[in-house]
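Take a look at the letters that make up each chain.
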Amino acid sequence: MTGLLLFQIAVVLVAARSCGIVLARLGQPPVIGEMAAGVLLGPVVFGAALPDLHAALFPAASLPGLSALSTLGLVLFMFVIGVEMRAPDGARAQVLAAARVAGLSALAPFAMALAVAPLLHGMLAPEGVAFWPFALYLGVALSVTAFPVLARILKDRCMQHTAVGRLSLSAAALLDVGAWIALALLVALTSGEGHAGLLRTLAGLGLLLVLVFGVLKPLFAGLLRRHASDGRPSGTVLAALLVGLFACAAATEWLQLHPVFGAFLFGACLPRDDRLMHALVERIEHLALVLLMPLFFAVAGMGTTADAFTATGAGALLLILAVAVLGKLLGGGIGARLSGCTVRDSLAVGSLMNARGMIELIVMKVGLDAGLIGPELFTLLLLVALCTTLMTGPLLALLARRDAVASAQAGVAAPPDGRGR
């Protein structure tokens, strides 16, 4: 079985890197290709085309090993996201602008998701899942923005230091923190253990927050100040960080929340030090992104089903995609416009907030593990995550092209006053 696992890893990495290279040549973030590779390796494509080979390469008995490694990748990745997360910098007006964009780009798709949830609950909710848990989860899932993918898009387009880039990135950071809190509470509310289980989970989560930010934060700040003053932790200090990370992840798993919550909390409690962030990216994020996250995408792809591709499923996909796109474009765009941005910049902010990427996939996996959604809706949401992230780059290019054309026309349209033409 070990040999099969190693061969599976090799196959997944080849597929992920190949798809990533293809998508990168098309101007898309490589992570979108890696997500697509997970779909291609699943039962919808590979399993349908070569069922015997798929069953031999990915037998059901071998998936727990891949799943465990993918969970490790998620935990490490969300830890780095917590370390990278920054509050909006600058004046009070900039903070309010980011909060306005974050709030409206979450509330608009959330409200629209609640409006269409009655149409989707009967056909897509797992048996035994009541309407409100399903509807609230759908609202949260369509409200998220992929902070790391957004950062990559901005960097690739040299927009990270522009007003639009800073506003979008700050808003995405605030929105993702709120989304994780909402998702954690929703999972706690639907844990299935009744009021006693809910109280235990909420009390445990409150205690963990006190422990992480009241005890671990000053403890690790002092440790890093004394033994990693240059921002580059030694092997011993790095081991201590990993112990804290896995302990917090295990605590949220024990509380019947997903381990990614604990990993994110522990990363968020560490000092906001760019040198430390870069050191952790070098030592942890590269391992997580290059090796372990493609395994997560592959395991997620195994959770898809061809049963979603019916006439009813196609209608549900179009409806969910419309809600996802319109909610973000309207919410993010209106929030930016109210903050003083031009119409063009407001549309650019809305387009950027529409990128969901791997954060959406993590939210989907949490919902699937918690039983809030089934394989059919998981498959549809995965397609929505791919589509909304794929359209971000073309939308920005279209806005830039129209802006360039308008500027050129304004430059040549001089008034006929008889002077130089």
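Computed from a predicted structure; not experimentally measured.

S.K.: Please give an account of a nonpolar patch on the surface that cites residues and values.
M.R.: A cluster of nonpolar side chains, Val 177, Ile 181, Leu 185 and Leu 202, forms an exposed patch at the surface whose accessible area comes to about 290 Å². With three residues, the top contributor of residues to the nonpolar patch is helix α9 (residues 163-189). Residue position: Leu 202 is located in helix α10 (residues 194-227). When its relative accessible area of 33% is taken as the criterion, Leu 202 is described as partly exposed.

S.K.: A description of the pattern of salt bridges should follow, citing residues and the corresponding values.
M.R.: Within the structure shown, the criterion is met by four salt bridges. Where Asp 345 meets Arg 344, a salt bridge forms, and the shortest distance between an N and an O atom there is 3.1 Å.

S.K.: An account of the packing of helix α8 (residues 147-156) against α9 is needed here, citing residue identities and associated values.
M.R.: Running from amino to carboxyl end, α8 crosses α9 at an angle of 170°, the nearest separation of the two axes being 9 Å. With respect to each other, α8 and α9 are oriented roughly antiparallel. Taken together, the residues of α9 that come into contact with α8 (itself represented by Phe 147, Leu 150, Ala 151 and Leu 154) are Gly 165, Ser 168, Leu 169, Ala 172, Ala 173 and Asp 176.

S.K.: Hey, could you go over helix α2 (residues 30-41) for me, with residue numbers and the actual values?
M.R.: Taking 1.5 Å of rise per residue, 12 residues should cover 16 Å, and α2 covers 17 Å from first to last C-alpha, within 8% of that figure. Every buried residue belonging to α2 is among Pro 30, Val 31, Ile 32, Gly 33, Glu 34, Met 35, Ala 37, Gly 38, Val 39 and Leu 41, and all of these are buried.

S.K.: Explain the environment of Val 75 residue by residue, including any values.
M.R.: As for its placement among the helices and strands, Val 75 is situated in helix α5 (residues 63-84). Note: C-alpha distance between Val 75 and Ala 240 (165 residues apart in sequence) is 16 Å. What Val 75 contacts, discounting residues up to four positions off in sequence, is Leu 245, Phe 246, Ala 249, Pro 259 and Ala 263.

S.K.: I'd like a description of the side chain of Ser 351, backed by residues and values.
M.R.: As for its placement among the helices and strands, Ser 351 is situated in helix α15 (residues 343-353). With a relative accessible area of 3%, Ser 351 lands in the buried category. Those residues in contact with Ser 351, other than ones at most four positions away along the chain, are Leu 329, Thr 392, Leu 395, Leu 396 and Leu 399.

Criteria and thresholds
Residues numbered from 1 in each chain as written. Predicted model: local features only at pLDDT ≥ 70, side-chain atom pairs only at ≥ 80, totals over all residues. Heavy atoms only, no water. Patch = residues over 30% accessible without salt bridge, like charges linked within 9 Å, V, L, I, M, F, W, Y side chains within 5 Å. Areas by Shrake-Rupley, 256 points an atom, 1.4 Å probe, with all protein chains shown as cover. Salt bridge = Lys/Arg side-chain N within 4 Å of Asp/Glu carboxyl O. Helix = DSSP H or I, 4+ residues; strand = E, 2+ residues; numbered from the N terminus. Buried < 20%, exposed > 50% of the residue type's maximum accessible area, 1.4 Å probe, protein only. Axes fitted to C-alpha atoms, helices over the stretch in contact; angles between N-to-C directions. Parallel < 35°, antiparallel > 145°, perpendicular 65-115°, else oblique. Contact = heavy atoms within 4.5 Å. Expected span 1.5 Å × (residues − 1).

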